[in-house]
Amino acid sequence: MHEEATTAPEVVLTRRSEAETCADPSSVMTLLAETDGCTSYRSTFAKGAAGAPAHFHTRATELFFVISGELQVLVGEEVTVLKAGDFLAVPPHTPHAFAAAPGCEADVIFVFTPGMGRFDYLRLLGRVMRGEADPQEIAASSERYDNHYVDSPVWRAALERAE
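Remember, predicted model here, so these are calculated numbers, not experimental data. (Residues numbered from 1 in each chain as written. Predicted model: local features only at pLDDT ≥ 70, side-chain atom pairs only at ≥ 80, totals over all residues. Heavy atoms only, no water.)

### Re the pairing of strand β9 (residues 106-113)
Part 1 of the reasoning: In terms of burial, β9 is a largely internal element, six of the eight residues being buried.
Part 2 of the reasoning: Bridge count for strand β3 (residues 39-45) against β9 is seven bridges, and the pairing is antiparallel. The residue bridging Thr-44 from the neighbouring strand is Asp-107, located in β9. (Buried < 20%, exposed > 50% of the residue type's maximum accessible area, 1.4 Å probe, protein only. Helix = DSSP H or I, 4+ residues; strand = E, 2+ residues; numbered from the N terminus. Pairing = 2+ DSSP bridges.)

Right under this line is the structure:
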């Protein structure tokens, strides 16, 4: 009989006072957990702040939980607004995007499962947004961080209406 070796899941405790933060001009990301099981961070978006353009992941489900405010999201070809207390799970290969809803701030917990090393990607995003890194670095890292950008006329139209 063949027995598979199993490893107990890693316990992660991140104290608020010890969590790393990454900031750009319109948001602050608090890095919470980065394990094989999940990657999690909290983002606070200023009013009207851009989040992420249309993209998909091939290996991870992305979970959203809105703590406060409102988050406008694209899922597939549909744009909707998540409000405080709303939860969304986006499976692999599903195009999605997000931004603070027009005229609103948003405070959101993001979780990717299974986890992977995404904190370096979030750090890179912050550097690009602050003008400290070349945006081409993001495109070059799509496979490494399982973040594949796509064109979405629906999302572009939603952002134009918000302006």
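### Side note on unusual backbone geometry
Part 1 of the reasoning: The peptide bond linking Thr-113 to Pro-114 adopts the cis configuration, its omega dihedral lying at 0°.
Part 2 of the reasoning: Positive phi, close to 70°, is recorded for His-93, a residue that is not glycine.
Part 3 of the reasoning: Along the polypeptide, His-93 turns up in the loop between β7 (87-90) and β8 (96-100).
Part 4 of the reasoning: We classify His-93 as exposed; its relative accessible area is 54%.
Part 5 of the reasoning: The backbone phi angle of Asp-146 is positive, close to 55°, even though this residue is not glycine.
Part 6 of the reasoning: Mapped onto the elements, Asp-146 comes out in the loop between α3 (142-145) and β10 (148-149).
Part 7 of the reasoning: When its relative accessible area of 0% is taken as the criterion, Asp-146 is described as buried.

### A look at helix α1 (residues 119-129)
Part 1 of the reasoning: Taken residue by residue, α1 has Phe-119, Tyr-121, Leu-122, Leu-124, Gly-126 and Val-128 as its buried positions.
Part 2 of the reasoning: Looking at the buried positions of α1, the neighbouring elements they touch are β1 (20-24), β2 (27-34), β3, α2 (136-140), α3 and β10.
Part 3 of the reasoning: Two residues or fewer after α1 comes Gly-131, characterised by a positive phi angle close to 80°. (Contact = heavy atoms within 4.5 Å.)

Keep in mind these values describe shape, not function.
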